Amino acid sequence: MADTADTARVSRRSRVAKLPPRERILDAAEELFSREGIRAVGVQAIADRAETTKMALYRHFATKDALVEEWLRIVAADYTAAFDRLETAHPDDPRAQILGIARFIADGLPGISHRGCPFINSIAELPDRAHPARRLIEAHKARQLRRLADLCVRAGLPDPDGAAAEITFALEGAQVSAQNRSVEHAGERLVRIVGAVLDRPAS
């Protein structure tokens with residue numbers, strides 16, 4: 001087991017060493033913020049992990065807050081990319097796109113069970129709603145809800161806004177449940193719940 005962990009560390013160092021300085025800094029921030037939290041990680045620790053200096057870090061990111069915001073922007077972009085991939089794969093099947101999102105979240109739950117959802121963790125550490133990272137998260141979540149609602153309209157659901165809200169509750173609830181390990185088989189349950197919302201007959 002130790003050999004596997006050592007190999008993974010060597011592989012990561014080899015990969016990161018080839019990255020430009022800005023990407024090395026973001027990679028280090030992602031690892032440390034996810035593992036230890038935003039407040040617990042200082043700029044020097046990030047610079048050390050990225051094998052650079054604080055001065056170099058500040059050339060790319062004026063403040064730690066700016067680094068946090070850019071990290072979360074990348075996380076949000078990963079979710080947006082999942083929507084985009086499903087739209088390309090199923091352009092005329094909004095139900096398949098919605099179920100695909102549920103499966104995408106379900107597939108990511110094992111990682112969340114170890115490190116937690118970066119959005120949930122960040123909001124807990126950033127109580128000021130005026131913080132740029134908080135505003136970024138809220139804007140991302142609002143766009144995601146609108147996109148789900150549009151898919152629900154296209155899928156012909158009788159209450160698309162209500163269905164989108166229910167699906168959002170299910171997606172985010174599954175992530176919280178995976179993080180606190182309160183529900184077994186959360187991914188399977190999530191996909192079934194979203195499927196049930198889609199298959200619910202009009203009243």
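Let me sum up the structure you'll find in this document. All values derive from a computational prediction rather than experimental measurement. (Residues numbered from 1 in each chain as written. Predicted model: local features only at pLDDT ≥ 70, side-chain atom pairs only at ≥ 80, totals over all residues. Heavy atoms only, no water.)

Details of the overall build of the protein chain
To be explicit about the condition: Secondary structure follows DSSP: runs of H or I at least 4 residues long count as helices, runs of E at least 2 residues long count as strands, and numbering of each begins at the N terminus. A 1.4 Å probe rolled over the protein chains alone gives each residue an accessible area, and that area as a share of the maximum for its type sets the label: buried under 20%, exposed over 50%, partly exposed in between. We call two residues contacting when some pair of their heavy atoms lies within 4.5 Å. Computed with the Shrake-Rupley method and a 1.4 Å probe, the accessible areas treat only the protein chains shown as cover for residues. Working convention for charge: Lys and Arg count positive, Asp and Glu count negative, and His plus the chain ends are omitted. Every charge is mapped onto a representative atom, which is NZ of Lys, CZ of Arg, CG of Asp or CD of Glu.
A count of helices and strands for the protein chain gives ten helices and zero strands. Starting at the N terminus and ending at the C terminus, the protein chain contains elements arranged as α-α-α-α-α-α-α-α-α-α. Principal axes of the C-alpha set define a box for the protein chain whose edges measure 60 × 45 × 35 Å. By the burial criterion, 42% of the 203 residues in the protein chain qualify as buried. The contacts of the protein chain with a sequence gap of at least 6 include a subset with a gap of at least 24, amounting to 62%. Accessible area of the protein chain: about 11,400 Å², with a carbon and sulfur share of 55%. Measuring between centres, the 30 positive side-chain charges of the protein chain sit 4 Å from its 29 negative side-chain charges.

Describing the nonpolar core
In plain terms, the rule: As used in this record, nonpolar core signifies buried Ala, Val, Leu, Ile, Met, Phe, Trp, Tyr and Cys residues forming a set joined through side-chain atoms within 4.5 Å.
Core analysis: the biggest nonpolar cluster contains 56 residues, and Phe-33, Ile-46, Leu-67, Leu-190 and Val-194 have the highest contact counts within it. Of all elements in the fold, only helix H2 (21-36), helix H3 (43-49), helix H5 (64-89), helix H6 (94-115), helix H8 (132-154), helix H9 (160-180) and helix H10 (186-199) reach the threshold of two or more residues within this core. In contact with Leu-67, other than residues within four places in its own chain, are Ile-25, Leu-26, Ala-29, Phe-33, Ile-46, Leu-57 and Phe-61.

Describing the packing of aromatic side chains
Stated formally: The criterion for an aromatic pair is that two Phe, Tyr or Trp rings (for Trp, the six-membered ring) have centres within 6.5 Å, with stacked assigned to planes under 30 degrees apart, edge-to-face to planes over 60 apart and tilted to the rest.
All told, the structure shown has three aromatic pairs when counted by the stated rule. Taking the centre distance of 5.6 Å and the plane angle of 45° together, the rings of Tyr-79 and Phe-119 count as tilted. One end of the pair, Tyr-79, is in helix H5; the other, Phe-119, is in helix H7 (residues 118-125), with 40 residues separating them in the sequence. Like Tyr-79, the residue Phe-119 is buried in the burial classification. Among the aromatic residues, those joined into a cluster by ring pairs are Tyr-79, Phe-104 and Phe-119.

Some points on the environment of Asp-159
Applied cut-off: N or O atoms closer than or at 3.5 Å make up a polar contact, with two conditions inside protein: a donor-capable atom paired with an acceptor-capable one, and, for residues adjacent in sequence, both atoms drawn from side chains.
When you line up the elements, Asp-159 lands in the loop between H8 and H9. Here Asp-159 falls in the partly exposed class, since its relative accessible area comes to 47%. Residues Asp-159 and Gly-195, spaced 36 residues apart in sequence, show a C-alpha to C-alpha distance of 15 Å. Engagement of the side chain of Asp-159 in a polar contact is seen with the backbone nitrogen of Gly-162, the distance being 3.1 Å.

A word on the packing of H5 against H8
The criterion, for reference: Axis definition: a line fit to C-alpha positions, over the contact stretch in the case of helices; interaxial angles, taken between N-to-C directions, run 0 to 180 degrees. Throughout this description, any angle smaller than 35 degrees is read as roughly parallel, any larger than 145 degrees as roughly antiparallel, any in the 65 to 115 degree range as roughly perpendicular, and the remainder as oblique. Three classes are used, and their members are as follows: Ala, Val, Leu, Ile, Met, Phe, Trp, Tyr, Cys and Pro are nonpolar, Asp, Glu, Lys and Arg are charged, and the others, Gly among them, are polar.
Packing of H5 against H8 brings their axes to within 9 Å, and their N-to-C directions diverge by 10°. Taken together, H5 and H8 sit at an angle that is classed as roughly parallel. Contacts between H5 and H8 involve Val-68, Glu-69, Leu-72, Arg-73, Ala-76, Tyr-79, Thr-80, Phe-83, Asp-84 and Glu-87 on the former and, on the latter, Pro-132, Ala-133, Leu-136, Ile-137, His-140, Gln-144, Arg-147, Leu-148 and Leu-151. The residue makeup of the contact of H5 with H8, split by class, is eleven nonpolar, three polar and five charged.

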